[in-house]
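Architecture at a glance
Letter by letter, the chains look like this.
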Amino acid sequence: RREIVRLFRTADRFFPVCEHLKREIMKLGCPEEKIRVLYGGVDLSRFRFAPRTLEEGKKVRFLAIGRFVEKKGFDHLIRAFAEVKRRRGGVKLTLIGEGPCEKTYRRLIDRLDLGGSVKIIPWIDYKGIHRTYLKSHIFVAPSVTDASGNQEGIPNTLKEAMATGMPVISTFHAGIPELVEAPHTGLLVPERDVERLAEAMLRLAEHPETWGNMG
């Protein structure tokens, strides 16, 4: 605690990446006048904007990208996707990433009999990720506060997906509501709420006519 107090006293300026983190460090004792929120941007020239549409007879393709760790919430996404597939069908989910939770995800995919509908891809190069953005219809970032209290700021992958014109689904977590203006540029659901997440995924999957305005 004394080290934190000393840090706040001696440093001149702090740059959290969202208002949420600003409030959190103020709770720790940082003077507000020393704080300036500095949002991380994306270089729009690196992304091709392509409003999403659904070709007749094609499957709706959901995408999630991130480290396979608890705070990304991908276990909740897999469970929600299983419900979407059960109720609607005609859907695919791609998870891009690596990390300590991968075995847990693979066991869950097997237990829910999703092997033919969920694909896990290890980290690929940036061009490959960009191609995957453009081949996908709906981006999902179901972030949660993990058991240690670790949180996101605002995931860069969420910003990138939006930059390509993709509608997004995420959670009321950390700085995410500062980026996603629900329900205009995406949908937000409570953390760890598999039922509400599945409902949001179904809502977009069943109404592709809304993707263009939302993306």
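Bear in mind that the values here come from a model prediction, so they are computed numbers and not experimental data.

What counts, and where the lines are drawn
Residues numbered from 1 in each chain as written. Predicted model: local features only at pLDDT ≥ 70, side-chain atom pairs only at ≥ 80, totals over all residues. Heavy atoms only, no water. Helix = DSSP H or I, 4+ residues; strand = E, 2+ residues; numbered from the N terminus. Buried < 20%, exposed > 50% of the residue type's maximum accessible area, 1.4 Å probe, protein only. Lys, Arg positive; Asp, Glu negative; His and termini not counted. Salt bridge = Lys/Arg side-chain N within 4 Å of Asp/Glu carboxyl O. Polar contact = N/O pair within 3.5 Å; in protein donor to acceptor, adjacent residues only side chain to side chain. Contact = heavy atoms within 4.5 Å. Pairing = 2+ DSSP bridges. Right-handed = clockwise from strand over helix to strand, strands pointing away. Axes fitted to C-alpha atoms, helices over the stretch in contact; angles between N-to-C directions. Core = buried A, V, L, I, M, F, W, Y, C linked by side-chain atoms within 4.5 Å. Disulfide = S-S within 2.5 Å. Phe/Tyr/Trp six-rings, centres within 6.5 Å; stacked < 30°, edge-to-face > 60°.

**Here we look at the side chain of aspartate 146**
- Mapped onto the elements of the fold, aspartate 146 is located in the loop between strand S4 (138-141) and helix H6 (156-163).
- Buried within the structure, aspartate 146 lacks any salt-bridge partner; its nearest side chain of opposite charge belongs to lysine 71, at an N-O separation of 6.7 Å.
- Looking at aspartate 146, its side chain comes within polar contact range of the main-chain nitrogen of asparagine 150, at 2.8 Å.
- Those residues in contact with aspartate 146 that sit more than four places away from it in its chain are Glu70, Lys71 and Arg192.

**Describing the pairing of strand S2 (residues 91-96)**
- Of all six residues in S2, five are buried; the element is thus mostly enclosed.
- By the bridge criterion, six bridges tie strand S1 (residues 60-65) to S2 in an arrangement that is parallel. Considered in S2, the bridge of phenylalanine 62 is made with leucine 93.
- A crossover connection joins S1 to the parallel S2 through helix H3 (residues 74-87); in handedness this β-α-β unit is right-handed.
- Viewed along the sheet, the connection from S2 through helix H4 (residues 102-111) into strand S3 (residues 118-121) turns out right-handed.

**Here we look at the sheet that holds S1**
- If you trace the six strands from one edge of the open sheet to the other, you get S3-S2-S1-S4-S5-S6, paired in parallel fashion. Edge positions in the open sheet fall to S3 and strand S6 (186-189), since each of these has one partner strand only. Each strand of the sheet is rotated relative to its neighbour by a mean of 20°, with strand direction disregarded.
- Direction of pairing for S2 relative to S3: parallel, over a ladder of four bridges. Bridging from a neighbouring strand, leucine 95 pairs with isoleucine 120 of S3.
- Packed onto the sheet, helix H5 (residues 126-135) meets S1, S2 and S4 and runs at close to 145° relative to S1.

**Some details on the nonpolar core**
- Membership of the largest hydrophobic core comes to 35 residues, with the highest contact counts inside it found for Phe62, Leu77, Leu95, Ile169 and Met201.
- Residues Ile121, Ala163, Ile176 and Leu188 belong to the second largest nonpolar core, which totals 18 residues.

**Regarding the state of the cysteines**
- Enumeration over the complete set of coordinates arrives at zero disulfides.
- The thiol of cysteine 18 is not disulfide-bonded; the next cysteine sulfur, from cysteine 30, is found 14 Å away.
- Of the residues examined, cysteine 18 reaches a relative accessible area of 0% and is grouped as buried.

**Comments concerning the packing of aromatic side chains**
- In the structure shown here, the tally under the stated rule is seven aromatic pairs.
- Note on phenylalanine 62 and phenylalanine 81: the rings are 6.4 Å apart at their centroids and 80° apart in plane angle, and the pair reads as edge-to-face. Of this pair, phenylalanine 62 sits in strand S1 while phenylalanine 81 sits in helix H3, placing them 19 residues apart in sequence.
- Since its relative accessible area comes to 1%, phenylalanine 62 is described here as buried.

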